[in-house]
Structures are given as structure tokens and as C-alpha cells.
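# Observations on chain architecture
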Amino acid sequence: MNDHRALLDSDLPGPDAWPCLLACLADDGALRQANRAFTDLLGIAHETHDGWVWSALLSPASLAELHEQLPRRRDFGITLAVKETPATPGGTWLDGQARWDPATAEYRCVFHEVSARVRSEVQARDRADQFQLLADNVPVLIANFEARTFACRFANRQYAETFGWDERTILGHTFREIIGDAAAREIQPYVDIVMRDKTTASYERELTAKDGHTQWLEVNLIPHLGPDGEPTTAFVLISDITRHRAAERALQETQQRLSKFMQASAEGIAFLQDGVITDVNPAACQLVGYTHDELVGARTLDLVAPDQRAKVADMIRAAEEVPYESALLHKDGSRLPVELMGRSIWHKGERVRMTLVRDIRERYAAQEHIRYLAHHDALTGLPNRVSLMEDLSHQIAAARRADSQFALLFIDLDHFKRVNDSLGHLVGDTLLQTVSRRITDCLRTTDRVARFGGDEFIVLLPDTLQRVDVEEVSNKLLAAIEVPVNVDGRLISVTPSIGISMFPHDAGTADALIKNADTAMYLAKSRGRANHQFFTSAMARSALDALVMESQMTQGLARGEFVLHFQPQIDATTGALVGAEALMRWNHPERGLLLPDAFIELAEQQRLMLPLGQWALREASRCARRWFEAGVRHAPVAVNLSTVQFQTSGFTALVGQVLQEEGVTGDLLELELTERMLMDDLPEVRRKLSELKAMGMRIAVDDFGTGYSSLSHLKELPIDKMKIDRAFVHDLPGDTESGAIARAIIQMSRGLGLKVIAEGVETEAQRAFLAEAGCDELQGLLISAPLTADAFEAWALDAMAAVR
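Now for a quick tour of the structure. Just so it is clear, the model here is predicted, and its values are computed rather than measured.

## Re the overall build of the protein
Scanning the protein from terminus to terminus reveals 28 helices and 32 strands. Counting all 804 residues of the protein, 45% fall into the buried class. Taking contacts inside the protein between residues at least 6 apart in sequence as the whole, the part at least 24 apart equals 53%. Of the roughly 41000 Å² of accessible surface on the protein, a fraction of 53% belongs to carbon and sulfur atoms.

The structure is reproduced here in C-alpha cells:
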């Protein structure tokens, strides 16, 4: 090998036959000589290899290392990675030695193919890396110690860091050096077991960390035995079981709390296993009347009411954890409604079924009370409308099956609202209670009575064969109800109006029966009240007419068919114009000009008075402004207010809005209210009237003397004027009673500082009487009939000119 050229010459018998790879390299990596083994391995044409640069076959790292060594011109060893070629499928590894020959200025190289060894080493490193990766990421501390010296041969990151080392510095140290003398003495017995018995040893350690918290470790020592059966190394596996011990401790504490809760709970608690009671608290014992010893060991279903056992068994079998209602049997045999709810828990170290037993007798009683309240009137104790409709449906069905008839009586107390308005709701409530008892006393046990609402009652008379029988009951009711009632030493009397409808003659449904009886009741009221009327088909037609008129009124208001006429009001002494009352008229497209008597009552019943009243107020405001601009001064227009309108929420704001939108000051309007409107909720009435007065408007009490107003109420209200009703003016001056009432109203009004106006003045004698009695203002046909807006303006201007 001293002469590399001779060694590598292809004519010599030796080099090409050698199994090793021989090559001569220049210091720039060019191949000068190579034996056939070298060129065949790399796939180089043997005859043309001189000067070949093999860098294209090397991996980048190998090429870089080769070029780093060659320029130094000194001996070196190197391992080269050859890329995959047709000659080297999968690539190959060459381990070589290069010796520099200064004489020839080239390297003489001997290479050996070591691919199998390198791949084995790579695989071993991969497995080691994978094991290290696994060891460093499992939630377990892992270490391996030499059996003879107890020196550490391996430790994962968690193990090393736990004891203040890292994976490299810990190697070679004994476990005593790693964990300390005290810990080493504690675990030495387990080490001895491993070494002596050649078996795995397991134990737990409780550690107290620097921050004071306790840590529990589970340690497993696993020996690795050599061919002779003796331990060569031992693996240490340490798991942190603090969380599990904490859970066990929490479970124990929970069990203790549960036990205390069981004893203190006011609700029954029972523990079941396989359908048998294993434990029970005092509340459950008290609920069912058994002792603790009597219940423990008893079958659960034996305590359940027979009709509930299948349901309870299904819930237990399905392990449902939802509350459900059932019933238990008391020791005395009585039935106990309960609510049961099961939970699967650990109790005394066993998996059992805990059942909460809640006594719901009070709930049932409350529900029954609620059901009673839902079906009965709170004031009278009678069935209410809901209950009535249910009974009526049942009665209709029963009558159809039996082919029988029954009567429905609709009872309404006449003028009951006046009692409430004048004497208060407490008196009214007492009266309703008395009337309800009287109605009940007049009926058979099979008859039904219900309070339908307000002062309305409905009576059902089943199995009624003759009309005369219904009349007899109606007359008894009329006589019983109208007897005066003594309320706080005051006798109060009300009368009923009764409407009657018959099933199946008058109607076949509950709603129709009630509607028809209601229609008959209104006929009784129109015929003087305090009587009864049977429903007839003619009434149905009348009700239809009312429905038609209601629709026509709604359309008429939209089409501008309503107008205002104005009746002058004059000073009783001078005859000067002092105002005008706005009176509503309806230009009906078919019936001509209708007075209020033809439509006002229906409008009030159907709540059409609200839009009609608002229209009248706005129209009167427009006329008042026009006349003021025309020179008619000091003549406010009086507008009648309806109860619905006055009681509307925000009424005064609506009035203020009309004045602002129409550009009218309040002193151009006067509002007339009836006595009854002033008696409901005195503080609220005072507030509204005060707000209206603040706008500049005057307030008059219309039809005074026909209601039940109290003088103590009137003097508390900001009222300007009293109007004597035409009923007291009509018979003046001849009727002494009418005269006395008129004088009393005038004197009372003067005493309260109020003006007085009389309406319905038609004769000179009436005018003279009222003027002599001190009445301030007059209104009636004697002065003028109601006029259209244009006619009133002309009349007013003429009257003002005549006075001047």
C-alpha cells in the first residue's frame, strides 16, 4: 500500500479483488484512482473515473464534512452518507480512513460499507428518543437503578426534577443521594424485598411539600432479572395519587355530612339496595309511623300504596333521577301523598339508591284551595263564572241525554252601582253577600247558583218541566232579594231584574243561553225593573237591531254623520247670553236626525261614548273658537262628559291636547258631569277636576237632585255650577214638592258659593219662579230650541246686539 498507484492499478491482481473500497482523492475531492469495488458500489464507470467528482452522490452534511477535511492535508477518518442511486438503492453509508501523501499530494483512502450498522444505530437512537419522549410525558416518575451499586442509570424529566436534578446530572448517583437519607431509610425495606424475593414491591408515601400541602405517592419497584435469575437493575415507577386520595377523603367527608344531614333533615330520606331499605332517617320514620328498626330490612314496595307500586317499581328499575308524585301507606293504613326523588350515591362504602321522601299533603291542600279559589267567588263563596260554564256544559250534555229541559235565570241587581258610589264598596260587598245567601236559600239542593260578575248572578234550574215552575222560583227570588238589608244600622233595599232562557227551546249552547237570558233581563229593566221576563224570538231581533245600530254608529262617526246643536243659556235677571250647551245629534242616513235618546244608551253600553265624547269635545272647541273670533264673548260652551270618558286613564291630558291642537283657551269651555261620576274614588275625581280647573275650564254638576251625592263630597270638589234637572222644573210652579226641591238646590248652591242653572224652562211662569227663587241662569225652549252652529252664531250676535 506504500505505492498507491501500484496498489490501485487494474493490471495488478490484488486491488480489484479486495473486498474493501480503495480510492485516491485530490485535496479538492476529485477521484484520481479507485478499485473496481469502489466504482461498482457507487455506479461509476471504472474506465472513466479519473478526475470524477463524487460530491453529487453525498448528502449535504457528508459533503460539507468532506470539504472541511480535505484542504487540511492531514490524515482523518470520516463516515459518509451516499444518496440513493440505481447502484445504491435506499442509499448507503461508508466508513473510511484517509492518509495524506505529501509526495503525490493526494489522499489514499480505504472505505468499508457500514449501512447495516448505521441503520441499526439510527433505529436504536430513534427507539431511545421515543422512549425518552414517552417517559418525559407520561404522568409517572420513572427511573432505573443498577442492582449492585444502586446507581441511577436512567431517569425521566419528572423524576429528576422532582428531586432537584435533571436527566443528565442525576445519572450515576445512588437513590440515597437522590432522595435523602430519611427517605432512603423509609423505603429500604421495600428495596430489600425486591432484592431478596426478586418480585415487585408496592407502597404509598405521604409527603409534605414546602408550601404545606400534602402529597400522596404510589411507588412500584420492579426488578429486571439477568440470565442467572438475579436482579441486574430495578425500575422505579412513582404515581401522584393525591387527587384520588383527596377524592376518597372528600367522599368520606360527604358521607359524614350526609349522615348528619339525614339526621337533621325535615324531609324523609331512605337508602335502598335491591329494593330493600338499608337505612332511614328520623323524618321518614315519623312520616310513615314506623320505627327505624321496623323499616330497615323492609321491602320498599310494601310501603307504597297498591295502585302506585308498578309506577314506583318502574322508576327504581330505570334509576330515574327526577321527582315524581306517588303515595305511601302509613302504619295506621292511611294514604300519604308524597313526592319521591331517587339518586344513586355511595353510602357507607356501598353503591345504593337514596330516595328523598317529601310530604306533600300541605301542597295538595294548597292546590285544592287554589282550585277552589279558581272556581269560586272570593266575596260570596258561590261558584264563579269558570265553574258556571263547566256546570252549564255538563247540564246541557245531561239534558240532551235525558231529553229534558232546564232553565237559566240571569239576575242583575237594579241600581246597585248607586249603592257602591254613595255608600262605599264595603256596604256594597255586604249587600252582595246577603243577596247571595238569599238566592241560595230559595233554591233546591239540585239547583245551581253562581256569581257571574259584579252584581250579576246566574241560576240553573235542572229538570224543569213547566214554565209556571220557573215563574214560581223567579217570584220567590224577587221577594227575597228586595227585602231591606240592615248594614251598620242603615236599611238598604235593592231589587233584581231577572231574564230567563230555556234549554233547548231558546238555545242549544251555553253562550247562547246566557246571551238570551241577558237580553231578557234588559227587557225586565226596561219594563220598570224588579220583574222577570222570559226570552222570546222578538228579543233576539231587538238584539240584532242593536248590533246593527252599533255598527252604523261606528261608521257614522267615521263618515261625519254626527253634529252638535247648541241651546243658549241666559242670565235669569238680565237675559244676557252667558253660555250654550252642546247637544249631540245624529244625521242617520235612513232615519233622519236622531236625538240622543235614540242612541246614547246603546253607545254607553258598547263603549262607543269614548270616541263620541272626544269628538264632541273637539267639535265644541272649534265652534267656541270661531264664535269668540266672531265677537261672541263670555259665552262658554258646556260639553257633557260620559262616565267612560271621564274615567279613562289620561283623560285630562287628552283634554289639554284638544285645547292645544284647536287653539282654544280653557275659559271657552265648561264641562258637565253627573252626580254619580263624582262619587267614585273621591281623591282621583278631585285630582282630575283640579287639573281641568287649572286649564281655565268651569265645572258644572248636571241633573243635580237625581243622584246620591253627598254634600260633604261636593264641598271638597272644585265645582262652579249646579244644574237643576228638568224633572224638577217641569211641574213648576204648581207642584209644591218640585218647588221645594228647586228652592233647596238654589239655597244649598248659594251656601256653597256656586252658581245655579235650571234646564227645561219652557213657560214664563217657570222663568219667573226660578228668577224669584234666586236661580242665576236659565236654559230651555222658552229661551231657544237647540240650534245648529251657524244658527246659534246668528242668534248669539242678535242677542248681544239687543242687550247693547
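Next comes the rest of the write-up.
## Here's the deal with the pattern of salt bridges
Following the criterion strictly, the structure yields 44 salt bridges and no others. With a closest N to O distance of 3.1 Å, Lys721 and Glu670 form a salt bridge. Highlighted residues: Lys721 in strand 30 (residues 721-724) and Glu670 in strand 28 (residues 669-674), separated in sequence by 51 residues. We note a salt bridge from Glu759 to Lys723, for which the minimum N-O separation is 3.8 Å. One end of the pair, Glu759, is in the loop between strand 31 (755-758) and helix 27 (764-773); the other, Lys723, is in strand 30, and 36 residues separate them in sequence. We note that Glu759, like Lys723, is buried. Through salt bridges with shared partners, one network takes in Glu267, Glu325, Glu339, Arg358 and Arg363.

## Some thoughts on empty space enclosed by the protein
Evaluation of the coordinates by the stated rule reveals six cavities of 30 Å³ or more. Taken as a whole, the largest cavity holds about 300 Å³ of empty space. Together, 24 residues line the largest cavity, and Ala270, Thr300, Leu340, Thr355 and Val357 are the ones closest to its centre. Put simply, the parts of the chain that give the lining of the largest cavity at least two residues each are strand 12 (268-273), strand 13 (276-280), helix 9 (282-288), helix 11 (309-318), strand 14 (324-329), strand 15 (335-347) and strand 16 (350-359). The leading source of residues in the lining of the largest cavity is helix 9, at four residues. Here the lining of the largest cavity is built from residues that sort into 19 nonpolar, three polar and two charged. Approximately 260 Å³ is the volume attributed to the second largest cavity. Those elements that place two or more of their residues in the lining of the second largest cavity are strand 7 (140-146), helix 6 (175-179), helix 7 (181-197), strand 9 (201-208), strand 10 (214-225) and strand 11 (231-240). Here the lining of the second largest cavity gets four residues from one element, more than from any other, and that element is helix 7. Partitioning the lining of the second largest cavity into residue classes produces 18 nonpolar, no polar and two charged.

How each quantity is defined
Positions within a chain are numbered from 1, following the residues in the order the chain's sequence is written. With the structure being a predicted model, the display of local features is reserved for residues of pLDDT at least 70 and the display and counting of side-chain atom pairs for 80 or more, all residues being used for whole-chain, interface and lining totals. Just so you know, side-chain values use all the structure's heavy atoms and leave hydrogens and water out. Segments assigned H or I by DSSP are reported as helices when at least four residues long, segments assigned E as strands when at least two residues long, and all are numbered from the N terminus. Residue exposure (1.4 Å probe, protein chains only): buried if accessible area is under 20% of the type maximum, exposed if over 50%, otherwise partly exposed. In this analysis, two residues are considered to be in contact whenever any of their non-hydrogen atoms come within 4.5 Å of each other. Every accessible area reported is derived by Shrake-Rupley at a probe size of 1.4 Å, with residue values counting cover from the shown protein chains alone. Here, a salt bridge means any side-chain nitrogen of Lys or Arg that lies within 4 Å of a carboxyl oxygen of Asp or Glu. Each cavity reported here is a set of points on a 1 Å grid over the protein atoms alone in which a 1.4 Å probe fits but cannot get out, each pocket an open set with protein on both sides within 12 Å along at least five of seven lines, and each lining residue one with an atom within 4 Å of a point. Grid points are joined across faces, edges and corners, and a volume is the space filled by probe spheres set on the points. Classification convention: Asp, Glu, Lys, Arg as charged; Ala, Val, Leu, Ile, Met, Phe, Trp, Tyr, Cys, Pro as nonpolar; all other residues, Gly among them, as polar.

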